[in-house]
Amino acid sequence: MKVVVLGADGYLGWPLSLRLLARGHDVIGVDNFVTRKNVKEVGSDSAIPIPAMKDRIKAAKDIHGFNMKFHEGDITDYEFLHKVMKEEKPDAVVHFAETRSAPYSMINAKHATYTLTNNISGTINLIYSMMETNPSAHVVKMGTMGEYGTPNFDIPESAYVDVEIKGRKDRITTPKFAGSWYHWSKVHDTNNILFANKVLKLTFTDIMQGPVYGTRTKEITDEKLHTRFDFDEVWGTVVNRFCVESVLGIPLTVYGSGQQVRGYLSLEDSVQALSLLIENPPEHGEYRVANQFVELLSINQIAETVQKAAKRLGIEVTIGKHENPRVEADRHHYNPEIKVLPGLGFKPKLKMADLTGQLIQDLVPYKEHMSRFHNRILPYTNWRKTENAR
Ligand code: NAD
Ligand code: USQ
């Protein structure tokens, strides 16, 4: 297949590009490098330094014999995206090219509007450029489990649900209630995609993925092939942060009661699941939603898992408590349905307890680099404040 990966320089985009190349597909990456810039803006950096895109592509060629094509540009620039789609005419487009930090979106009005504008307008541009150049291609759009929030019902894996209101029955879109402007941008995307599917008959897979952790996939065999790894309070996700905190000797930053539950998965499992969804598209003109996670875990369980893994490596780390800077339920029902991926043969490889030791070991060589950003780790961005710039 010919696959365009929008956001190919990112944490997920780079390993997925390598996996698709390894599986014999033609891969065309697109990115404007805005995550590199925005992480620097908050005074941080990837824990594991990553080469420039031209050097990454050369390393992939030298080490694995892969040939990857790349276009630098911003997908909110319609002329740029239209030109790429017209030139490449892919079978599938993977859309990762969005701003992905909940805290970043909550810093202040500027960051909220940037997140909403970048994410929603990029997706609208993708819809129109596909319609004009390549309407039969499969669009694999990365959404998030956080679109659903934490409802007091089992989360269905479907676009619509049947309801009865005051005695009358109808189908409505699956209820969503997100917990940050970032997560709401993904809800708005889902609504826009559903509308594009209904009106324009484009083919979509809308993936509701939980937080991803890890440093490696099968193809990341050399430090020149590493993917980015964020750990500061704005850009880092919880498991990756806890592993860095262990290495730096910082008590693990559990927010609130630590009873919040989410659906986690490793980078390797994320890439495996994405490959399955790309290689097994839905019917032409169909909208398919896929929930994507492996383990439902609370923050307290994650902290204990990381603490034990660190201890096995001779690192003693304590578990800290922080008043939750976010507005989120911490005692809640959480039972999302997952049937699409298992139906395609998805078999998770490793559980968090098996992987965190290796993850911590992978970070140890970068301890000095990470310690330069020590003061960017403790929670600072607070959902209840309207101005969080340092
Ligand atoms: P990332 O920030 O590392 O990667 C996103 C890439 O898209 C970056 O390289 C960035 O430069 C690029 N990009 C952003 N806006 C762009 C634009 N307008 N034009 C061109 N390129 C642009 O994030 P990630 O962790 O790789 O996440 C990829 C996708 O998956 C995102 O949509 C994110 O919301 C979603 N997601 C991530 C996780 C996770 O735990 N990492 C979990 C669920 C969903
Ligand atoms: N948390 C802590 N301590 C920390 C960091 C986070 O307790 O140091 C808690 C948060 O309060 C939250 C949970 O961990 O309850 C998850 O937070 P996170 O920062 O790991 O993840 P989140 O902000 O939800 O965002 C990440 C990615 C985003 C993706 C999302 C999937 O950045 O792109 O969409 O995970 S999901 O959470 O399912 O919506």
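What you see is a predicted model, and the numbers here were worked out from it, not measured in a lab.

Definitions and limits used
- Numbers given for residues are sequential positions, taken from 1 along each chain in its written order.
- Ligands are numbered from 1 and chains lettered from A, in the order in which they are written.
- Local features in this predicted model are restricted to residues of pLDDT 70 or higher, and side-chain atom pairs are both shown and tallied only at a pLDDT of 80 or more, whereas totals for entire chains, interfaces and linings draw on every residue.
- Excluding hydrogens and water, the side-chain values take into account all heavy atoms of the structure.
- Buried and open spaces are told apart on a 1 Å grid over the protein atoms alone, a cavity being a set of points where a 1.4 Å probe fits but cannot get out and a pocket being an open set with protein on both sides within 12 Å along at least five of seven lines. Residues with an atom within 4 Å of a point are the lining residues.
- Grid points are joined across faces, edges and corners, and a volume is the space filled by probe spheres set on the points.
- Residues were grouped as follows: Ala, Val, Leu, Ile, Met, Phe, Trp, Tyr, Cys and Pro as nonpolar; Asp, Glu, Lys and Arg as charged; and all remaining residues, including Gly, as polar.
- Residues are counted as near a molecule or strand when any one of their heavy atoms sits within 4 Å of it.
- We call two N or O atoms a polar contact when they sit within 3.5 Å, provided that within protein one can donate a hydrogen and the other can accept it, with sequence-adjacent residues counted only if both atoms are side-chain atoms.
- Working definition of accessibility: Shrake-Rupley area with a 1.4 Å probe, residue cover restricted to the visible protein chains.
- Under the DSSP-based scheme used, a helix requires at least four consecutive residues in state H or I and a strand at least two consecutive residues in state E, with every element numbered from the N terminus.
- Note on method: axes are straight lines fitted to C-alpha atoms, helices fitted across the in-contact stretch only, with angles between N-to-C directions ranging 0 to 180 degrees.
- By the definition used in this description, the sense in which the near helix is turned from the far one sets the handedness, with an anticlockwise turn below a right angle giving left-handed and a clockwise turn giving right-handed.
- The contact criterion used throughout is that any non-hydrogen atoms of two residues lie within 4.5 Å.

As a further point, take empty space enclosed by the protein. Tallying each qualifying case throughout the model produces one cavity of 30 Å³ or more. Looking at the largest cavity, its volume works out to about 40 Å³. Taken together, P103, E233, Y255, P325, R326, P379, Y380, T381 and W383 make up the full set of residues lining the largest cavity. For the lining of the largest cavity, a count of residues per class yields six nonpolar, one polar and two charged.

Near ligand 2 there are 22 residues, and of these T144, Y182, V238, T253 and E328 occur at the shortest range. In this structure, an oxygen atom belonging to ligand 2 sits 2.9 Å away from a main-chain N or O atom of R100. T144 places a polar side-chain atom, nitrogen or oxygen, 2.6 Å from an oxygen atom of ligand 2. Protein contacts shield 95% of the accessible area of ligand 2, which totals 730 Å² for the unbound molecule. Those elements that provide at least two residues to the shell around ligand 2 are α7 (181-200), α8 (238-248) and β10 (252-255).

Another aspect to go through is the packing of α8 against helix α10 (residues 299-312). Where α8 contacts α10, the two axes come as close as 10 Å, and the packing angle between them is 35°. Judged by the twist between their axes, the crossing of α8 over α10 is right-handed. On α10, the residues that touch V238, V239, F242, C243 and S246 of α8 are I299, I302, A303, V306 and A310. Residue classes in the contact of α8 with α10 are distributed as nine nonpolar, one polar and no charged.

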